[in-house]
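# A look at the structure
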Amino acid sequence: MSTFKAVAIDKTEAGQTVGIRAFDEADLMDGDVTVRVSHSTLNYKDGLAITGKAPVVRRFPMIPGVDLVGTVEASSNPEFKPGDAVVLNGWGLGETHLGAYAEKVRVRGDWLIPLPQGLSPLQAMAIGTAGYTAMLCMMALERHGLRPDRGPAIVTGAVGGVGSVAVALLAKAGWHVIASTGRPEEADYLKGLGAAEILDRSEFSGPSRPLAKERWAAGVDTVGSTTLANVLAMSKYGGAIAACGLAGGMDLPTTVAPFILRNVALLGVDSVMAPKSVRIEAWNRIARELDHDKLAAMTSTIPLDQVLEAGKRIVEGKIKGRVVVEIA
Ligand code: NDP
């Protein structure tokens, strides 16, 4: 019987265990396309799955990893044939469906998109869910009618994965980007990605007043909690904040004041169940608009056996930029 190497999360009476082990091909889940994975990546959610810090994993055993790039090995789906280069982000991969930290996956073909032209497999995973979500946030702000002439854009959790890509994308689109971070020592890194100003995240750690001095017209928030509450209270009249994350907490201790007195909008962004047409638009725009040198500057690469350690570090807020996981 054939086996492949994977990170496996198992549940025991004592809690969850996680390690690298051989997985039986017969245990691959239902799907019409089998993919040989070349690279995956590390997102905050993967860290939550690896550490068990939040109930991301919905079945055991589970192979974590929400993103992959690879080559189709077998397919009964008319859209894909052996040899095609494909990308998968989300759809429950690594949560309900055996995921990407594995040499092999079997998935539904309608979850896959072709590797966008102009991106290498490594670059696609340097972008990963984090980068594609940053683009979804920018698209949400644009759909709301916001343009750089309306005022600055704030990015919270700026040194993190979503934050780093959001800084680079917004700056490239002409926004005056204010990067909020708890790591002021990374100011040069953020300026290199295009940030015009650095803001210490301690400004957002306390309770928010209902309204505060107007500072930005747009924002990408990866942190939630008091950070998002303060960011909303400091938004300009008619501004909007795209909220995608909870790195600082799931709560939102705000008032209705920014919404009803300043016409501020809170735009929710989900990447996991986003329709295929939206994904393809986001990926094609990233391929065209994200500066490849900036992507390289925010990316590091690790082998599969270091992903457990890196998963712990990401939930502690210690990962800078994006981490690609090399699988084959
Ligand atoms: P990272 O860990 O790479 O980035 C998160 C950043 O948030 C950190 O680098 C840090 O930035 C900041 N941060 C961490 N802890 C705290 C804290 N306690 N208080 C304030 N700031 C904090 O994660 P990702 O970029 O992968 O993901 C960011 C968030 O977005 C996560 O919550 C993730 O779940 C969410 N997400 C949601 C998606 C969706 O579909 N909605 C898709 C992708 C991600 P700094 O050091 O600069 O302060």
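Because the structure is predicted, anything quoted here is derived from the model rather than measured. (Residues numbered from 1 in each chain as written. Predicted model: local features only at pLDDT ≥ 70, side-chain atom pairs only at ≥ 80, totals over all residues.)

This paragraph deals with the overall build of the protein chain. The secondary structure content of the protein chain amounts to nine helices and 15 strands. For 328 residues, the compact-globule formula gives about 20 Å, and the C-alpha radius of gyration of the protein chain, at 20 Å, lands near that figure. Along the first, second and third principal axes, the C-alpha set of the protein chain runs to 65 × 45 × 35 Å. For the protein chain, buried positions account for 50% of its 328 residues. (Helix = DSSP H or I, 4+ residues; strand = E, 2+ residues; numbered from the N terminus. Rg over C-alpha atoms; globule rule 2.2 N^0.38 Å. Buried ≥ 20, exposed ≤ 12 C-beta atoms within 10 Å, placed from the backbone.)

Topologically, Val87 is positioned in strand β5 (residues 85-89). Taking the number of C-beta atoms within 10 Å as the measure of exposure, Val87 has 25 and is therefore buried. On a C-alpha basis, the gap between Val87 and Met125 in space is 8.6 Å, while along the polypeptide they are 38 residues apart. Excluding anything up to four places from it in sequence, Val87 contacts Val69, Ile113, Leu115 and Ala124. (Contact = placed C-beta atoms within 7 Å.)

All right, on to the site of the ligand then. Taken together, 32 residues lie near the ligand, and Gly157, Gly160, Thr181, Gly245 and Gly248 sit nearest. Of all elements in the fold, only α1 (44-51), α2 (121-143) and α3 (161-172) reach the threshold of two or more residues within the shell around the ligand. Counted by class, the shell around the ligand contains 13 nonpolar, 15 polar and four charged residues. Structurally, the shell around the ligand is a two-domain feature, drawing no fewer than three residues from each of domain 1 (3-115 + 298-326) and domain 2 (129-268). (Near = placed C-beta within 6 Å. Nonpolar A, V, L, I, M, F, W, Y, C, P; charged D, E, K, R; others polar. Domains from an automatic or database assignment.)

Another aspect to go through is the domain arrangement of the protein chain. Parsing the protein chain into structural domains produces domain 1 (3-115 + 298-326) and domain 2 (129-268). Here the C-alpha centroids of domain 1 and domain 2 sit 29 Å apart. Contact residues are listed per partner, giving twelve residues for domain 1 and eleven residues for domain 2.

Pairing of strand β14 (residues 299-303) with strand β15 (residues 322-326), which is carried by five bridges, proceeds in the parallel orientation. Paired with Ser300 across the bridge in β15 is Val323. Viewed along the sheet, the connection from β14 through helix α9 (residues 307-315) into β15 turns out right-handed. (Pairing = 2+ DSSP bridges. Right-handed = clockwise from strand over helix to strand, strands pointing away.)

As a further point, take the UniProt feature "domain: Enoyl reductase (ER)" (unreviewed entry) in the protein chain. Mapped onto this numbering, the UniProt entry annotates "domain: Enoyl reductase (ER)" (unreviewed entry) at residues 15-325. What you have in residues 15-325 is 30% helix and 26% strand, and the ends, taken at the C-alpha atoms, are 26 Å apart. (UniProt positions renumbered as here; feature names shortened; annotations may be inferred.)

So, on to unusual backbone geometry. Across the junction of Phe60 and Pro61, the peptide omega takes the value -5°, indicating a cis bond. Mapped onto the elements, Pro61 comes out in the loop between α1 and β4 (67-75). In the Ramachandran plot, Trp91 falls in the positive-phi region, its phi being about 60° despite a non-glycine side chain. Structurally, Trp91 is set in the loop between β5 and β6 (104-107). Although it is not a glycine, Ser225 sits at a positive phi angle of roughly 50°. In this structure, Ser225 sits in helix α5 (residues 225-233).

Where strand β1 (residues 3-12) and strand β2 (residues 15-24) come together, ten bridges link them in antiparallel fashion. Across the sheet, residue Lys11 finds its bridge partner in β2, namely Gln16. Linking β1 back to β2 in an antiparallel pair, the connection comprises two residues.

With that settled, the discussion passes to the nonpolar core. Residues Cys137, Val167 and Ala242 are the most contacted members of the largest nonpolar core, which totals 107 residues. Taken together, domain 1 (3-115 + 298-326) and domain 2 (129-268) each give at least three residues to this core, which thus spans both. Apart from residues no more than four positions distant in its own chain, Ala242 is found in contact with Cys137, Ala140, Leu141, Gly219, Val220, Leu267 and Val269. (Core = buried A, V, L, I, M, F, W, Y, C linked by C-beta atoms within 7 Å.)

Let's shift gears to the sheet that holds strand β12 (residues 235-243). One open sheet holds the six strands; their spatial order is β10-β9-β8-β11-β12-β13, and the pairing between them is parallel. Whereas interior strands pair on both sides, the edge strands pair on one side only; in this sheet they are β10 (197-200) and β13 (265-268). Strand after strand, the sheet turns through a mean of 20° between neighbouring axes, direction not considered. Relative to β12, strand β11 (residues 216-221) is paired through five bridges, and the arrangement is parallel. Bridge pairing in β12 links Ala218 to Ala240. In this fold α3 packs onto β8 (153-155), β9 (177-181) and β11, with an angle of close to 160° to the strand it touches most, β8. This element, α5, spans β8, β11, β12 and β13 of the sheet and lies at about 150° to β12. (Axes fitted to C-alpha atoms, helices over the stretch in contact; angles between N-to-C directions.)

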